[in-house]
Amino acid sequence: MKQFFKNSALFALLLTGILLLIQIAVSFRIKGKTVTGYDTLELTSNVNADLVFMGSSRCWAHFDPKFFEETYQLKSVNIGMNGHSDLMASRLRLQNYLAQNKAPKFVLLNIDPFISAGSLEHNTKMVNKNDYARFAFFPKEEDQPFMDYFQFDAAERYIPLYALFKYQMFIDCVTLQKSNAFPKGFELNDEQWDTLKYPISDINKKYFFKPKDLPGITQAMKELNDLCQKNNIRLMAIQTPVYQITYDALAFERPKTICQKLDIPFIDANYESIRNKTDYFYNAIHLNKKGVQEMNKRLKNEKELNTILKINP
């Protein structure tokens, strides 16, 4: 029996060693790369951009770094997080970026009635958690807050390969077949809205924040603005188009009110000429390539945006 336990212990140790070696090999293979296109924490290190875009999928899908670089001669990077409209996620993402880059001159935050304050302790937004599983095993110090945000447990952080297999990331890490998913640095979508498959509906209105949420959101915006000011960054907020059935004038006025209260520049790019045409969208809240290009044409004439971005602090 004693020999059995000894052999079992040796086998477990050998197996752990093998798994650890494979984990190290995989980590080396994906270092500095993206596996799915969403896991951009390492991909945006040592970028040292002048202009950083932050927010939800509406940031990730709407802001083309190349357009802003050509228009304002500002090196730009999009660090939007698909599925995460909470300001907590944006603040954590900016902190992660700052830990790996020089502070930018400007941060442009996508803001709309879908935002929420968010909570590190009680986070329920786990969209694309699997994409971040690659960072779970013995995470770097700058990535630790994200591991807490996504609630990766001790087993996922300390058992080699466990997180990669649990979240079905191992094959993607080995093959890197999806690593060039968004080569333009944002999710440019060239599709037309298939209204038969995805009927026009106002269902997204149910995700608008309520007046009772204003104090918490205002405080979260203040904390984000404080972080920017601490790093000598000019924070701006921009509201981009939604299709007309999702638009509600009162709801879309609330983000502006928050920004005015905090003295944060606000640009309303929710242009009526865009939100009234399905041709510019691939669903009710996301622009397609044609819509992004049309928005960019209009942004060139936004006086406040031009005044701020063309000033070299």
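About the cut-offs
Residues numbered from 1 in each chain as written. Predicted model: local features only at pLDDT ≥ 70, side-chain atom pairs only at ≥ 80, totals over all residues. Heavy atoms only, no water. Pairing = 2+ DSSP bridges. Helix = DSSP H or I, 4+ residues; strand = E, 2+ residues; numbered from the N terminus. Axes fitted to C-alpha atoms, helices over the stretch in contact; angles between N-to-C directions. 1 Å grid on protein atoms, 1.4 Å probe; cavity = no way out; pocket = protein on both sides within 12 Å on 5 of 7 lines; lining within 4 Å. Points joined across faces, edges and corners; volume = space filled by probe spheres on them. Nonpolar A, V, L, I, M, F, W, Y, C, P; charged D, E, K, R; others polar. Expected span 1.5 Å × (residues − 1). Buried < 20%, exposed > 50% of the residue type's maximum accessible area, 1.4 Å probe, protein only. Polar contact = N/O pair within 3.5 Å; in protein donor to acceptor, adjacent residues only side chain to side chain. Phe/Tyr/Trp six-rings, centres within 6.5 Å; stacked < 30°, edge-to-face > 60°. Salt bridge = Lys/Arg side-chain N within 4 Å of Asp/Glu carboxyl O.

Considering the sheet that holds strand S4 (residues 234–239)
- Here we have five strands laid out as an open sheet, ordered S2-S1-S3-S4-S5, and parallel in their pairing. Of all the strands in the sheet, the pair left with one neighbour each is strand S2 (76–78) and strand S5 (266–268). Neighbouring strand axes in the sheet, compared pairwise and without regard to direction, differ in orientation by 20° on average.
- The sheet contact formed by S4 and S5 spans three bridges and is parallel. Bridge pairing links isoleucine 238 to isoleucine 267 in S5.

Details of empty space enclosed by the protein
- Going through the model one piece at a time under the given rule, you end up with three cavities of 30 Å³ or more.
- Residues belonging to the lining of the largest cavity are distributed by class as follows: five nonpolar, six polar and no charged.

Topic: helix H10 (residues 249–261)
- Between its terminal C-alpha atoms H10 stretches 19 Å, which fits the 18 Å expected from 13 residues at 1.5 Å a residue.
- Of all the positions in H10, only Ala251, Phe252, Arg254, Pro255, Ile258 and Cys259 are classed as buried.
- At the N-terminal boundary of H10, the capping side chain belongs to aspartate 248, with an oxygen 3.2 Å from the backbone nitrogen of leucine 250.
- Aspartate 263 sits one or two positions beyond H10 and adopts a positive phi of about 60°.

Topic: the packing of aromatic side chains
- Summed over all chains, the structure comprises 23 aromatic pairs.
- A ring pair is formed by phenylalanine 53 and phenylalanine 63, whose centres lie 5.2 Å apart and whose planes are at 15°; its orientation type is stacked. In this pair, phenylalanine 53 is assigned in strand S1 (residues 51–54) and phenylalanine 63 in the loop between helix H2 (57–60) and helix H3 (65–72), connecting sequence segments ten residues apart. Take phenylalanine 53 and phenylalanine 63: they sit in the same class, and that class is buried.

What to know about the pattern of salt bridges
- One pass over the structure, following the stated rule, counts ten salt bridges.
- Close ionic contact of lysine 140 with glutamate 42 constitutes a salt bridge, the shortest N to O distance being 3.2 Å. Of this pair, lysine 140 sits in the loop between strand S3 (106–110) and helix H5 (144–149) while glutamate 42 sits in the loop between helix H1 (2–30) and S1; the two residues are 98 residues apart in sequence, bridging distant segments of the chain.
- Taking relative accessible area as the criterion, glutamate 42 reaches 12% and is therefore assigned buried.
- For the salt bridge of glutamate 223 with arginine 91, the shortest nitrogen-to-oxygen distance reads 3.3 Å. Remark: arginine 91 occurs in helix H4 (residues 87–98) and glutamate 223 occurs in helix H9 (residues 214–230); sequence separation between them is 132 residues.
- Classification of glutamate 223 as partly exposed rests on a relative accessible area of 31%.
- If you follow the salt bridges from partner to partner, you end up with Asp39, Glu42, Arg134 and Lys140 in one network.

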